[in-house]
Amino acid sequence: MTVSAVKIIQPGEIQGLPDDETPLLVLPLASEVLKGRAARFEELSKKGVLKDWLEFCAQVAKAQLEAVDQIKLTPLDENIVIESLKHGMPPASIGGWKAGNDWVDAFKAFTESLAKQDLPLPAKKVLELFKSADVTTLQQQAQDYLQADESKVKAEWAPFIGAILQVIWMRKVAQLAPYAPSYKGRSTLCPVCGSHPVASVVRVGAHDGHRYLACSLCASEWYAARARCTNCETPKEVSMLGETKESLVQGECCDDCHGYLKIMYQSRDPMMDVVADDLASIQVDLGLSAEGYQRTGRNMLLMAASETDKKDS
Ligand SMILES: [Zn+2]
Ligand SMILES: [Zn+2]
């Protein structure tokens, strides 16, 4: 694929925080997100060279959907939540997380649900090994993966570990929805859990035309001014590079930090899902990396190292 500059937004055009009732933090319902994600993966897996991988991802999303309501909710203190959000401290922070009962419950619910599905043979084998792996090793890998210490994580386990961590956090943050209006800030990381975004989305409907960053872990979405780099926050012209001018997925590239994050326009495909469409548009990543840009988004279902593997295959 060749990428070409297709659109420039001028600084000042859509740069500040909105001065109306536009929510700055949106906490979507986990079951709705996962249902939509599974359907989107299925749709995307109907064609293209990534079809087997995307079909497997649809099975993972279905297992997440089944698991998410089965795990117990750890109650969070209301005052701490409100104060944290007000002061820009993530109330469900990934910092210092230790895999405990939440991991044990989510691991069991997710792996049992996934094992019931008609998985391709290689995935079935990996899942068997994953299920029977040493508990302490797995918990350590989960902690490492959460902190993006990916070199310590077994590549073939990463999608499972990522999926389980998403289930834990999506469940955990579900109770925070009533407090979302307490957040008034601006952040490059998720204000709820502190993780990196997977991509940004220009929404339609109630949030028409507003751009949100979508959390790679807990699925929270937070407002991000346009014409500003989502990585280094430099306010300036932003180049958009995509397959075509009208493509759903564009790479938003910064010539200051040489980072890029994908941006997706929901108006171009209302059924899009940020995680699924990110994985399905790996050609955009390959194109942008060839142009010398570094990916700043994170997708929990695919480790950076395995992206390189895909390039070689
Ligand atoms: Zn988050
Ligand atoms: Zn930048």
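Caption draft 1: Here's a closer look at the overall build of the protein. Helices and strands together make up the secondary structure of the protein, namely ten helices and nine strands. The C-alpha radius of gyration of the protein comes to 19 Å, within 12% of the 20 Å expected for a compact globule of 313 residues. Considering only C-alpha atoms, the protein reaches an extent of 55 × 50 × 35 Å along its principal axes. Burial analysis of the protein (313 residues in total) assigns 53% to the buried set. Sequence separation of at least 24 residues holds for 69% of the intrachain contacts in the protein that already meet a minimum separation of 6. Taken as two groups, the 34 positive and 42 negative side-chain charges of the protein have centres that lie 2 Å from each other.

Caption draft 2: Spotlight on the coordination of the zinc ion (ligand 2). The zinc ion (ligand 2) binds to the protein through Cys229 (SG), Cys232 (SG), Cys254 (SG) and Cys257 (SG), with metal-donor distances spanning 2.3 Å. Seen from the zinc ion (ligand 2), its four donor atoms lie at angles of 107 to 114 degrees, and the figure they make is tetrahedral. Ordering the donors of the zinc ion (ligand 2) by residue number gives the pattern C-x2-C-x21-C-x2-C. Of the two residues, Cys229 sits in the loop between strand 5 (221–223) and strand 6 (238–242) while Cys257 sits in the loop between strand 7 (249–253) and strand 8 (259–265), which places them 28 residues apart along the sequence. You can call Cys257 partly exposed: its relative accessible area is 27%.

Caption draft 3: Representation of the nonpolar core within the structure. If you look at the biggest cluster of nonpolar residues, it comprises 96 residues, and the most contacted ones within it are Phe41, Trp103, Leu165 and Trp169. The element best represented in this core is helix 7 (residues 158–173), accounting for eleven residues. Viewed by domain, this core spans two of them, domain 1 (4–24 + 179–312) and domain 2 (31–174), each represented by three or more residues. The contact partners of Trp103, leaving out residues within four places of it in the chain, are Trp97, Leu138, Gln139, Ala142, Ile161, Ile164, Leu165 and Ile168.

Caption draft 4: Representation of the domain arrangement of the protein in the model. Partitioning the protein into domains gives domain 1 (4–24 + 179–312) and domain 2 (31–174). Put simply, the middle of domain 1 and the middle of domain 2, counted by C-alpha atoms, are 22 Å apart. Domain 1 puts 33 residues into the contact, and the matching count from domain 2 is 36 residues. Interface of domain 1 and domain 2: buried area, both sides summed, is about 3000 Å²; carbon and sulfur atoms make up 66% of it. In this assembly, domain 1 and domain 2 are joined by four salt bridges. Residues Asp277 and Arg40 are paired through a salt bridge, measuring 2.8 Å at the closest nitrogen-oxygen approach. For the pair domain 1 and domain 2, the interface holds nine residue pairs in polar contact (both at pLDDT 80 or more). Among the elements that line the side of domain 1 that touches domain 2, the one with the most residues is helix 8 (residues 274–280), at five residues.

Caption draft 5: Representation of the coordination of the zinc ion (ligand 1). Here the zinc ion (ligand 1) is held by Cys190 (SG), Cys193 (SG), Cys215 (SG) and Cys218 (SG), and the distances to it run 2.3 Å. The buried category is assigned to Cys218, whose relative accessible area is 2%.

Caption draft 6: Looking closely at unusual backbone geometry. Phi at Ala148 takes a positive value of approximately 60 degrees, unusual for a residue other than glycine. Tracing the chain through its elements places Ala148 in the loop between helix 6 (135–146) and helix 7. We classify Ala148 as partly exposed; its relative accessible area is 40%. Phi at Glu233 is positive, roughly 65 degrees, even though this residue is not glycine.

Caption draft 7: Representation of the pairing of strand 3 (residues 197–202). Across the six residues that make up strand 3, a large majority, six, are buried. As paired elements, strand 3 and strand 4 (residues 211–215) share five bridges and run antiparallel to each other. Paired with Ser200 across the strands is Leu213, a residue of strand 4. With three bridges connecting them, strand 3 and strand 8 associate as parallel partners.

Caption draft 8: Up close: the packing of aromatic side chains. For the structure on display, the rule yields nine aromatic pairs. For the ring pair Phe110 and Phe160, a centre distance of 6.5 Å and an interplane angle of 55 degrees mean the geometry is tilted. One end of the pair, Phe110, is in helix 4 (residues 101–115); the other, Phe160, is in helix 7, with 50 residues separating them in the sequence. When its relative accessible area of 0% is taken as the criterion, Phe110 is described as buried. For Phe160, a relative accessible area of 2% puts it in the buried group. With centroids separated by 5.9 Å and ring planes inclined at 90 degrees, the aromatic side chains of Tyr212 and Tyr223 adopt a geometry described as edge-to-face. Taken together, the residues Tyr212 in strand 4 and Tyr223 in strand 5 connect sequence positions eleven residues apart.

Criteria and thresholds
Residues numbered from 1 in each chain as written. Chains lettered and ligands numbered in written order. Predicted model: local features only at pLDDT ≥ 70, side-chain atom pairs only at ≥ 80, totals over all residues. Heavy atoms only, no water. Helix = DSSP H or I, 4+ residues; strand = E, 2+ residues; numbered from the N terminus. Rg over C-alpha atoms; globule rule 2.2 N^0.38 Å. Buried < 20%, exposed > 50% of the residue type's maximum accessible area, 1.4 Å probe, protein only. Contact = heavy atoms within 4.5 Å. Lys, Arg positive; Asp, Glu negative; His and termini not counted. Charge placed at Lys NZ, Arg CZ, Asp CG, Glu CD. Donors = N, O, S within 2.8 Å, 3.2 Å for Na, K, Ca; no water. Tetrahedral: all angles 85-135°; square planar, octahedral: opposite > 155°, others 65-115°. Core = buried A, V, L, I, M, F, W, Y, C linked by side-chain atoms within 4.5 Å. Domains from an automatic or database assignment. Buried area = accessible area lost by both parts, 1.4 Å probe. Salt bridge = Lys/Arg side-chain N within 4 Å of Asp/Glu carboxyl O. Polar contact = N/O pair within 3.5 Å; in protein donor to acceptor, adjacent residues only side chain to side chain. Pairing = 2+ DSSP bridges. Phe/Tyr/Trp six-rings, centres within 6.5 Å; stacked < 30°, edge-to-face > 60°.

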